[in-house]
Amino acid sequence: MDDTLRRRLRVEQARALLDNADPHHAVMLACDLLVAGVDGEAVVALASESARTLPVHDANRRLAAVLAELGLGEPDLPTAVALIAADTAERILDRSITAEVGTHGLYVVGYEGSQLDDLLPAVSALATRLEDDLHGRADDELRTQLAALARTILNRARTQAG
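Cut-offs used in this document
- Residues numbered from 1 in each chain as written.
- Predicted model: local features only at pLDDT ≥ 70, side-chain atom pairs only at ≥ 80, totals over all residues.
- Heavy atoms only, no water.
- Helix = DSSP H or I, 4+ residues; strand = E, 2+ residues; numbered from the N terminus.
- Buried < 20%, exposed > 50% of the residue type's maximum accessible area, 1.4 Å probe, protein only.
- Axes fitted to C-alpha atoms, helices over the stretch in contact; angles between N-to-C directions.
- Parallel < 35°, antiparallel > 145°, perpendicular 65-115°, else oblique.
- Left-handed = near helix turned anticlockwise from the far one by under 90°.
- Contact = heavy atoms within 4.5 Å.
- Salt bridge = Lys/Arg side-chain N within 4 Å of Asp/Glu carboxyl O.
- Expected span 1.5 Å × (residues − 1).
- Arc of directions from axis to C-beta.

### Describing unusual backbone geometry
Although it is not a glycine, Arg-95 sits at a positive phi angle of roughly 60°. By secondary structure assignment, the location of Arg-95 is in the loop between helix 5 (77-93) and helix 6 (99-105). A relative accessible area of 70% means that Arg-95 is categorised as exposed. Even without glycine at this site, His-135 takes up a positive phi of about 55°. Structurally, His-135 is set in the loop between helix 7 (120-133) and helix 8 (140-161). Note on His-135: relative accessible area 65%, which makes it exposed.

### Some words on the packing of helix 1 (residues 3-18) against helix 5
With their axes 9 Å apart at the nearest point, helix 1 and helix 5 run at an angle of 115° to one another. As judged from the angle between their axes, helix 1 and helix 5 are roughly perpendicular. Considering only the axes of helix 1 and helix 5, their crossing is left-handed. Here helix 1 contributes Arg-7, Arg-10, Val-11, Glu-12, Ala-14, Arg-15, Leu-17 and Leu-18 to the contact with helix 5, which in turn contributes Leu-77, Ala-80, Val-81, Leu-83, Ile-84, Ala-86, Asp-87, Thr-88, Glu-90 and Arg-91.

### Here's the deal with the pattern of salt bridges
Within the structure shown, the criterion is met by 12 salt bridges. For the salt bridge of Arg-15 with Asp-87, the shortest nitrogen-to-oxygen distance reads 2.4 Å. Of this pair, Arg-15 sits in helix 1 while Asp-87 is found in helix 5, placing the two residues 72 residues apart along the sequence. Since its relative accessible area comes to 16%, Arg-15 is described here as buried. For Asp-87, a relative accessible area of 6% corresponds to the buried category.

### Points about helix 4 (residues 56-70)
Under the 1.5 Å per step criterion, the end-to-end length of helix 4 is 21 Å for 15 residues, consistent within 8% with the ideal 21 Å. Listed in full, the buried residues belonging to helix 4 are Ala-59, Asn-60, Leu-63, Val-66 and Leu-67. End-on, the buried residues of helix 4 take up no more than an arc of 125°, which puts them together on one face. Of the residues in helix 4, the exposed ones pointing more than 90 degrees away from the buried face are His-57 and Ala-68. Each element contacted by the buried residues of helix 4 is listed here: helix 1, helix 2 (23-35) and helix 3 (41-47).

Below, the structure is given as structure tokens:
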């Protein structure tokens with residue numbers, strides 16, 4: 001399994017640990033694992049699910065089976081937070097998620113033990129502006145501020161990893 005697949009697997013594992021895995025991402029990840037030659041029973045079972053209709057509970061359960069099959073232990077809380085925050089920041093910057101979704105997704109930095117918890121006031125300020133001032137619809141200024149925060153998160157993730 002290459003590093004990209006391992007990282008994606010760890011991110012979904014972290015999401016399941018802190019909240020819920022994304023059923024679509026979990027199924028697509030299992031399909032990509034199959035293509036890469038990782039074809040255990042749990043991987044095949046998850047890959048055969050519908051990415052559109054798989055319930056969250058079942059995605060979490062099937063992903064846990066994949067992780068057990070691959071022997072990947074659960075990350076500690078600070079690592080899980082860092083994985084999710086960095087993934088969310090990347091998705092904000094490549095615009096694969098909306099600014100609205102990304103803003104709320106960055107609240108993960110506030111988890112106890114997070115090495116990014118000092119960024120919570122910035123996340124909260126953006127979310128408050130988004131909801132109270134912009135009525136849930138991001139404008140260009142908020143997108144610019146959110147992108148800057150996303151770059152800060154990624155820079156810190158690289159510094160901590162390196």
